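So you can see what is in the structure, the chains are spelled out below.
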Amino acid sequence: MRILITGGDGFCGWPTALYLSRKGHDIAILDNQLRREWDRELGIESLAPIASMDERTHEWQKHAKGSFTAYSVDMRDYDALARTVAQFVPDAIVHFAEQRSAPYSMIDREHAVFTQTNNIVGTLNLLYIMKEIVPDCHLIKLGTMGEYGTPNIDIEEGYIKIAYKGREDTLPYPKQPPSMYHLSKVHDSHNIMFSCKSWNLRATDLNQGVVYGIQTDETRMHPVLVNRFDYDQIFGTALNRFCVEAAADHPLTVYGSGGQTRGFINLLDTVRCIELAAQNPAAPGEFRVFNQFTQEFSVSALATKVHQVAGDLGISAEISHLRNPRVESEKHYYHAANTKLLDLGLTPHLLTDETIREIIKLALQYKDNIQLDHIMPTVTWS
Ligand code: NAD
Ligand code: USQ
């Protein structure tokens, strides 16, 4: 297949591009490297230093089975995006290219407006381009489990059957997103659903949980291919962050009581899920939603696991319950369906002590680069 991967320079996009390329697909990555600019804005850096997009692309071209091309294009630039799609003519577009940090979107009004404009305009441009240029192409869009929030009933995969006043319908599952960033994903989902219905486009919305892990078989093939490793308060996410904190002898930063429960997925499964979605495209006019996570954990349970594995490595990682900077429920029901990707053939890499050990060891390897002053949360929701 010919697969265009937007956000192909990012944490999920880069390993996905390499994985699909090694499977023999023709790959184009598209990224304007905004994420590297946000690092500069915030004074942070990937813990494992990453090569420039040009350098890592050149290195991968030596290993790629099919063609492998990189485009430096902004999703908000309709003409440039349209030219790229017209030139590459993809069978599938995997769309990762958004501002993905909840804390970044909550810094202030400017960052909230930026996040929603960047994400919603980029996706809208893509939808119009697909309609005009590649109407049969399959859009594989990264959504988020956070779109659903934490309702007091089971979470379904995108839709819920409702019986009301003697009538029944299957409707989009109610959305209660917890940040301006998560809201942008909800707006995207609505725009994509409308486009599928109106223009007969085919789309899969992958509501992904929090991703953990750093390296894949492909990113390990050469030091220049190393994946980015975020751990700071803005772009770092729960499990990876706890592992770096352990390596840095910093208390593990559990927000509030830690009862917040979320869906989690190993990066190795992220890349496989994208492959499964691409191999099994949505039908024309179909807006399909898959919940892309493999296990549910509370934040406290994860911190406890990291504490134990760190202990085995001779590191005493104390757990600290901080005042929660976010407005979110810390004690709630959480049970979400995730069978659709399993039905397509996903065999999950479940969280093991070995996985945690590997992340801690990678963090130890770069211990001198850890910026301790970027760990504690300062961005608050209220
Ligand atoms: P990332 O920030 O590492 O990568 C996103 C990439 O998109 C960056 O390289 C950035 O430069 C690029 N980008 C952003 N705006 C762009 C624009 N206007 N034009 C061109 N490129 C642009 O993020 P990630 O962790 O790889 O996440 C990828 C996607 O997966 C996001 O849509 C995110 O919402 C979703 N997701 C991520 C996680 C996670 O835990 N990382 C979980 C669920 C969903
Ligand atoms: N948390 C802590 N301590 C930390 C960091 C986070 O207790 O040091 C808590 C948060 O309060 C939250 C939970 O852990 O309850 C998850 O937070 P996170 O920062 O790991 O992840 P989140 O903000 O939800 O965002 C991440 C990605 C985002 C993706 C989302 C998937 O950055 O792109 O959409 O995970 S989901 O959470 O399913 O919506």
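This part covers the packing of helix α8 (residues 238–247) against helix α12 (residues 353–365). Relative placement of two packed helices is described by the angle separating their axes and the distance separating the axes. Interhelical geometry of α8 versus α12 gives an angle of 55 degrees and a closest axis separation of 8 Å. Compared by their axis directions, α8 and α12 come out oblique. Relative to α12, the crossing made by α8 is right-handed. Listed contacts from α12 to Leu239, Asn240, Cys243, Val244 and Ala247 of α8 are Ile356, Ile359, Ile360, Ala363 and Leu364. Counted by class, the contact of α8 with α12 contains 9 nonpolar, 1 polar and no charged residues.

In this section: the side chain of Arg241. On the secondary structure map, Arg241 appears in helix α8. Looking at Arg241, its side chain comes within polar contact range of the main-chain oxygen of Ile375, at 2.8 Å. Setting aside residues no more than four positions away along its own chain, Arg241 makes contact with Tyr231, Asp232, Gln233, Gly236, Thr253, Tyr255, His374, Ile375 and Pro377.

On to the site of ligand 1, then. Cys12, Asp31, Asn118, Tyr181 and Lys185 are the nearest of the 29 residues found near ligand 1. One of the side-chain nitrogen or oxygen atoms of Gln208 is found 3.5 Å away from a nitrogen atom of ligand 1. Expressed as a share of its isolated accessible area of 830 Å², the protein-covered part of ligand 1 is 98%. Elements with a minimum of two residues in the shell around ligand 1: α2 (34–42), β5 (138–144), α7 (180–199) and β9 (210–212).

The next point concerns the site of ligand 2. The environment of ligand 2 is formed by 23 residues, the closest being Thr144, Tyr181, Ala238, Thr253 and Glu328. One nitrogen or oxygen atom from the side chain of Arg326 is found 2.8 Å from an oxygen atom belonging to ligand 2. Burial of ligand 2 by the protein chains amounts to 95% of its free accessible area of 730 Å². Counting residues per element, the ones that place at least two in the shell around ligand 2 are α7, α8 and β10 (252–255). Residue composition of the shell around ligand 2, grouped by class: 9 nonpolar, 9 polar and 5 charged.

Before going further, it helps to examine the packing of aromatic side chains. Enumeration over the complete set of coordinates arrives at 8 aromatic pairs. Taken together through their ring pairs, the aromatic side chains of Trp38, Tyr104, Phe114 and Phe235 make up a single cluster. Taking NZ or CZ as reference, Arg35 lies 3.6 Å from the ring centre of Phe235, over its face.

Given a rise of 1.5 Å per residue, 13 residues ought to cover 18 Å, and the 19 Å separating the end C-alpha atoms of helix α9 (residues 267–279) matches this to within 8%. A large share of α9 lies buried, amounting to 10 of its 13 residues. Every buried residue belonging to α9 is among Leu267, Asp269, Thr270, Val271, Cys273, Ile274, Glu275, Leu276, Ala277 and Ala278, and all of these are buried. One side-chain oxygen at the N-terminal end of α9 lies 2.9 Å from the backbone nitrogen of Leu268; it belongs to Asn266.

Our focus in this paragraph is the pairing of strand β2 (residues 26–30). For a regular strand, side-chain orientation follows a simple rule: the groups alternate between the two sheet faces. Across the 5 residues of β2, 4 count as buried, placing the element largely inside the fold. For the crossover from strand β1 (residues 2–6) across helix α1 (residues 13–22) to β2, the handedness is right-handed. Two elements, β2 and strand β3 (residues 68–71), share 4 bridges in a ladder whose sense is parallel. Paired with Leu30 across the strands is Tyr71, a residue of β3.

A word on the sheet that holds β1. The 7 strands lie next to each other as β3-β2-β1-β4-β5-β8-β12, forming an open sheet whose pairing is parallel. Whereas interior strands pair on both sides, the edge strands pair on one side only; in this sheet they are β3 and β12 (287–292). Neighbouring strand axes in the sheet, compared pairwise and without regard to direction, differ in orientation by 20 degrees on average. Along the sheet, helix α3 (residues 53–61) contacts β2 and β3; its crossing angle with β3, the most-contacted strand, is approximately 170 degrees.

A few words now on the sheet that holds β9. What the 3 strands build is an open sheet, ordered β9-β11-β13; its pairing is mixed. Every interior strand has two partners, whereas the edge strands, β9 and β13 (295–298), have only one. Between one strand axis and the next, the sheet turns through 45 degrees on average, direction left out of account. Here strand β11 (residues 261–266) pairs with β13 via 4 bridges, running antiparallel. Each bridged residue has a counterpart across the sheet, and for Thr261 the counterpart in β13 is Ser298.

Calculation notes
Residues numbered from 1 in each chain as written. Chains lettered and ligands numbered in written order. Predicted model: local features only at pLDDT ≥ 70, side-chain atom pairs only at ≥ 80, totals over all residues. Heavy atoms only, no water. Axes fitted to C-alpha atoms, helices over the stretch in contact; angles between N-to-C directions. Helix = DSSP H or I, 4+ residues; strand = E, 2+ residues; numbered from the N terminus. Parallel < 35°, antiparallel > 145°, perpendicular 65-115°, else oblique. Left-handed = near helix turned anticlockwise from the far one by under 90°. Contact = heavy atoms within 4.5 Å. Nonpolar A, V, L, I, M, F, W, Y, C, P; charged D, E, K, R; others polar. Polar contact = N/O pair within 3.5 Å; in protein donor to acceptor, adjacent residues only side chain to side chain. Near = heavy atom within 4 Å. Areas by Shrake-Rupley, 256 points an atom, 1.4 Å probe, with all protein chains shown as cover. Phe/Tyr/Trp six-rings, centres within 6.5 Å; stacked < 30°, edge-to-face > 60°. Lys NZ or Arg CZ within 6 Å of the ring centre and 35° of its normal. Expected span 1.5 Å × (residues − 1). Buried < 20%, exposed > 50% of the residue type's maximum accessible area, 1.4 Å probe, protein only. Right-handed = clockwise from strand over helix to strand, strands pointing away. Pairing = 2+ DSSP bridges.

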